[in-house]
Amino acid sequence: MAGIYIHIPFCKQACHYCNFYFSVSTSLKSDLVKAIVKEIELSKDYLGGELIETIYLGGGTPSLLDADEVRSILDAIYHFHPKLDLHELTLEANPDDLTPGKIAELASLRSHGLNRLSIGVQSFYDADLVYMNRAHSAQEAAAAVKRAQDAGFDDLTIDLIYGTPTMPDENWERNILSAFSLGIPHISSYALTVEPKTHLDKYIKTGKSIPIDEAQTVRQFDILMSAMSAQGYEQYEISNFARPGHHAIHNTNYWRGKKYLGLGPSAHSYDGQTRRWNVANNMNYIKSINENVIPAETEPLTPAQQANEYIMTSLRTMWGCDINKLQATSYKSQVTEAIKNIDPSFYIIDGDLLKLTRKGKHYADRIAAELFIED
Ligand code: SF4
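About the thresholds
Residues numbered from 1 in each chain as written. Predicted model: local features only at pLDDT ≥ 70, side-chain atom pairs only at ≥ 80, totals over all residues. Heavy atoms only, no water. Helix = DSSP H or I, 4+ residues; strand = E, 2+ residues; numbered from the N terminus. Rg over C-alpha atoms; globule rule 2.2 N^0.38 Å. Buried < 20%, exposed > 50% of the residue type's maximum accessible area, 1.4 Å probe, protein only. Contact = heavy atoms within 4.5 Å. Areas by Shrake-Rupley, 256 points an atom, 1.4 Å probe, with all protein chains shown as cover. Lys, Arg positive; Asp, Glu negative; His and termini not counted. Charge placed at Lys NZ, Arg CZ, Asp CG, Glu CD. Pairing = 2+ DSSP bridges. Expected span 1.5 Å × (residues − 1). Arc of directions from axis to C-beta. Near = heavy atom within 4 Å. Nonpolar A, V, L, I, M, F, W, Y, C, P; charged D, E, K, R; others polar. Core = buried A, V, L, I, M, F, W, Y, C linked by side-chain atoms within 4.5 Å. Salt bridge = Lys/Arg side-chain N within 4 Å of Asp/Glu carboxyl O. Phe/Tyr/Trp six-rings, centres within 6.5 Å; stacked < 30°, edge-to-face > 60°. Lys NZ or Arg CZ within 6 Å of the ring centre and 35° of its normal.

Draft legend 1. Broad picture of the overall build of the protein. For the protein, the helix and strand inventory stands at 14 helices and 15 strands. For the protein, the C-alpha radius of gyration of 21 Å lies close to 21 Å, the compact-globule estimate for 375 residues. Each of the 375 residues in the protein was classed as buried or not, and the buried ones make up 51%. Look at the contacts in the protein between residues 6 or more apart in sequence, and 72% of them connect residues 24 or more apart. In the form shown here, the protein has an accessible surface area of approximately 16400 Å², with 52% of it arising from carbon and sulfur atoms. The average position of the 35 basic charges and that of the 47 acidic charges among the side chains of the protein differ by 1 Å.

Okay, structure coming up:
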């Protein structure tokens with residue numbers, strides 16, 4: 001089973017924390033969609049005939065595409081990747097795009113397989129949205145979710161960000177309660193992080209934005225985990241919470257090391273042996289595709305790199321890291337030895353599975369790095 005990811009690199013405005021590739025000018029939108037359609041044909045053999053189980057339109061902001069543009073992309077996938085057993089087709093949408101007209105357009109895509117929306121809510125408080133420079137208001141966020149549900153999109157996920165300096169703990173608790181009261185079955189929640197070279201990085205350094213408080217981030221992650229568990233959401237990955245039956249299949253397949261094909265500027269692909277990433281530039285991408293060349297760099301993954309990716313991603317999931325999946329025997333013993341140097345309150349060993357405790361989830365990436373295999 002494999003997945004297809006399509007990166008739509010356009011946004012209405014730049015969120016201050018964002019380090020994804022996108023452009024705020026949509027002048028190349030139609031050319032770019034045509035190029036993606038062409039890339040689908042050029043990459044038709046990449047997945048080696050694996051059954052496609054999921055399609056994910058992310059970005060950027062896929063809800064900036066009109067329904068015909070989405071249809072042309074999906075038609076090309078269905079034509080050139082005919083081995084399909086499609087269980088999940090997700091489209092990311094920003095609340096300000098989800099007008100009644102747009103929801104009706106999206107509903108018309110159900111016959112093309114669309115069955116899940118991911119709405120970039122981030123917060124139900126305007127002060128936080130202004131801090132992040134989101135293009136929508138809190139009121140628009142709640143209205144967008146209700147409109148999607150009224151149109152029959154029950155399989156919904158929203159993003160919520162914690163650790164925003166404008167958001168005291170009481171507001172974070174209310175944000176989570178708002179998501180519960182809207183009956184959303186899946187929530188992805190990330191800490192606000194300051195990535196180098198983002199607007200947020202610059203504004204904090206120049207005193208224009210309030211800096212992030214680590215202690216607040218830690219507290220709010222704890223509030224999140226308690227609230228989610230009390231409401232019966234499974235924390236199946238550190239940042240992802242779902243009611244039973246609502247795990248995201250596409251992302252779960254990433255974490256389980258399944259193959260995926262990424263289309264569009266800056267999209268990444270993985271064929272089980274190598275990683276490939278497309279150029280992060282709309283003009284260069286379109287030009288190269290029009291010359292029948294996928295503008296990508298490829299990196300073969302060494303056995304140690306593959307093992308480290310598995311350690312990194314699996315440790316973040318509720319299924320944990322299965323030491324037996326580390327192919328080389330020497331890797332198993334290296335990891336088994338390295339675990340002994342980690343605070344035992346951060347993990348449990350369940351047979352061959354290494355899982356993080358709630359305390360350990362605060363340090364997942366650091367713990368994974370301690371276990372990394374050296375070539
Ligand atoms: S909408 Fe998403 S991709 Fe676009 S700038 Fe904001 S965070 Fe980045």
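Draft legend 2. A look at the environment of aspartate 213. By the secondary structure assignment, aspartate 213 is in the loop between α7 (199–205) and α8 (214–230). With relative accessibility at 37%, the residue aspartate 213 sits in the partly exposed group. Along the primary structure aspartate 213 and threonine 164 are separated by 49 residues, whereas in three dimensions their C-alpha atoms are 8.4 Å apart.

Draft legend 3. Quick look at unusual backbone geometry. Between glycine 59 and glycine 60 the backbone carries a cis peptide bond, its omega angle lying at 15°. Along the chain, glycine 60 falls in the loop between β2 (52–59) and α2 (67–80). Backbone geometry places asparagine 133, a non-glycine residue, at a positive phi of 65°. By the element assignment, asparagine 133 lies in the loop between α4 (126–132) and α5 (138–150).

Draft legend 4. Quick look at the sheet that holds strand β13 (residues 321–322). Taken together, the three strands give an open sheet; going across it, the order is β13-β15-β14, and neighbouring strands pair in antiparallel fashion. Each edge of the open sheet carries a strand with a single partner, namely β13 and β14 (347–350). Pairing analysis gives two bridges linking β13 to strand β15 (residues 353–356), with the strands arranged antiparallel. Directly across from cysteine 321, in β15, lies its bridge partner leucine 354.

Draft legend 5. Inspection of helix α1 (residues 29–42) at higher detail. The terminal C-alpha atoms of α1 lie 20 Å apart, and with 14 residues this matches the ideal 20 Å at 1.5 Å per residue to within 8%. Among the residues of α1, Lys29, Leu32, Val33, Ala35, Ile36, Glu39 and Ile40 are the ones counted as buried. Angular distribution of buried residues about the axis of α1 spans 160°; they occupy a single face of the element.

Draft legend 6. Local environment of the site of the ligand. With respect to spatial proximity, the complete set of residues near the ligand consists of Cys11, Gln13, Cys15, Tyr17, Cys18, Phe22, Gly59, Gly60, Thr61, Asn94 and Arg134. For the shell around the ligand, the class distribution of residues is five nonpolar, five polar and one charged.

Draft legend 7. Molecular detail of helix α6 (residues 169–181). Here α6 contains 13 residues, and its C-alpha end-to-end distance of 18 Å stays within 8% of the 18 Å for a straight helix at 1.5 Å per residue. Check the buried side of α6 and you find it contacts α4, β5 (156–162), β6 (186–191) and α8. The first or second residue beyond α6 is glycine 183, which carries a positive phi of 70°.

Draft legend 8. Molecular detail of the environment of leucine 326. Following the sequence through the fold, leucine 326 ends up in the loop between β13 and α12 (329–339). Sequence spacing of leucine 326 and lysine 12 is 314 residues, and the spatial spacing of their C-alpha atoms is 44 Å.

Draft legend 9. Structural view of the nonpolar core. Ile6 and Ile158 are the most contacted members of the largest nonpolar core, which has 87 residues in total. Top contributing element to this core by residue count: α2, with six residues. Counting residues in each nonpolar core, the second largest holds eleven residues, with Tyr17, Cys18, Met132 and Ile161 among its members.

Draft legend 10. Region of interest: the pattern of salt bridges. Counting across every chain of the model gives 16 salt bridges. The residue glutamate 237 makes a salt bridge to arginine 316 at a minimum N-O spacing of 2.8 Å. Residue glutamate 237 is found in strand β7 (residues 234–237), and its partner arginine 316 is found in the loop between α11 (303–315) and β13; the two are separated by 79 residues along the sequence. Within the structure, one salt-bridge network assembled from shared partners comprises Lys12, Asp96 and Asp97.

Draft legend 11. Main features of the pairing of β15. Pairing analysis gives four bridges linking β14 to β15, with the strands arranged antiparallel. Looking across to β15, one finds that aspartate 350 is bridged to leucine 353.

Draft legend 12. Seen up close, the packing of aromatic side chains. This model, assessed by the stated rule, comprises nine aromatic pairs. Look at tyrosine 162 and tryptophan 172: their rings are 5.6 Å apart centre to centre, the planes differ by 45°, and that puts the pair in the tilted class. Of this pair, tyrosine 162 sits in strand β5 while tryptophan 172 sits in helix α6, and the two are ten residues apart along the sequence. Residue tyrosine 162 shares its accessibility class with tryptophan 172, and that shared class is buried. Pairwise contacts between aromatic rings join Tyr162, Trp172 and Phe221 into one cluster. Its end group placed over the ring of tyrosine 203, lysine 208 keeps NZ or CZ at 4.1 Å from the ring centre.

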